[in-house]
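Understanding the architecture of this molecule
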Amino acid sequence: QEQLVQSGGGLAQAGGSLRLSCVASGRTYGSYMGWFRQAPGKEREFVASISWSGGNTVIADSVKGRFTISRSNAKDTVYLQIDSLKPEDTAVYYCASSMTYNGQAVEMYTWWGQGTQVTVSS
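For the structure given in this document, a descriptive report is provided here. These figures come from a predicted structure and were not determined experimentally.

Here we come to the sheet that holds strand β8 (residues 77–82). Taken in spatial order, the four strands of this open sheet run β1-β3-β8-β7, and their pairing is antiparallel. The outermost strands of the open sheet, each flanked by one partner alone, are β1 (2–7) and β7 (67–72). Each adjacent strand pair in this sheet contributes to an overall mean axis angle of 20 degrees, direction not counted. In the sheet, β7 pairs with β8 via six bridges, with the strands oriented antiparallel. The residue of β8 that forms the bridge with Phe 67 is Ile 82.

What follows is the structure, encoded as structure tokens:
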């Protein structure tokens, strides 16, 4: 069992940067972590994921070059750095955890954070 608590996000201007954080508690050793987002009226979309060691990351093509995922296992925290923000990045962002999977499939993640709103103004 894991609990995920997110922080960060908010309102930002296009071209700016934001960093989202997700702190995990409970059984975290060996977990894979992912970030997803969901815009109003749209399905939840994969953004990025990372292995326990941090050595393997998967980044969605739609955000590659602007989004960076990283983690600190000492702090039980995964981060999503968002640079060169665009209005289309506006969405609720979710972190998620899986003990077995590092990738894009929403259904492979077991635990989810509460979500945090990111709004980008043009």
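Next comes the rest of the write-up.
This part is about the side chain of Ser 31. Positionally, Ser 31 belongs in the loop between β3 (18–26) and β4 (32–38). If near-sequence neighbours (up to four positions away) are discounted, Ser 31 is found in contact with Glu 2, Ser 51, Trp 52, Arg 71, Ser 97, Ser 98 and Met 99.

The backbone of Asp 76 shows a phi angle near 55 degrees, a positive value even though the residue is not glycine. With respect to the element layout, Asp 76 can be found in the loop between β7 and β8. Residue Asp 76 is classed as partly exposed on the basis of its relative accessible area of 32%. Positioned with a positive phi, Ser 84 is a non-glycine residue whose angle comes to about 50 degrees. The residue Ser 84 is located in the loop between β8 and β9 (91–98) in this model.

Conventions we followed
Residues numbered from 1 in each chain as written. Predicted model: local features only at pLDDT ≥ 70, side-chain atom pairs only at ≥ 80, totals over all residues. Heavy atoms only, no water. Pairing = 2+ DSSP bridges. Helix = DSSP H or I, 4+ residues; strand = E, 2+ residues; numbered from the N terminus. Axes fitted to C-alpha atoms, helices over the stretch in contact; angles between N-to-C directions. Contact = heavy atoms within 4.5 Å. Buried < 20%, exposed > 50% of the residue type's maximum accessible area, 1.4 Å probe, protein only.

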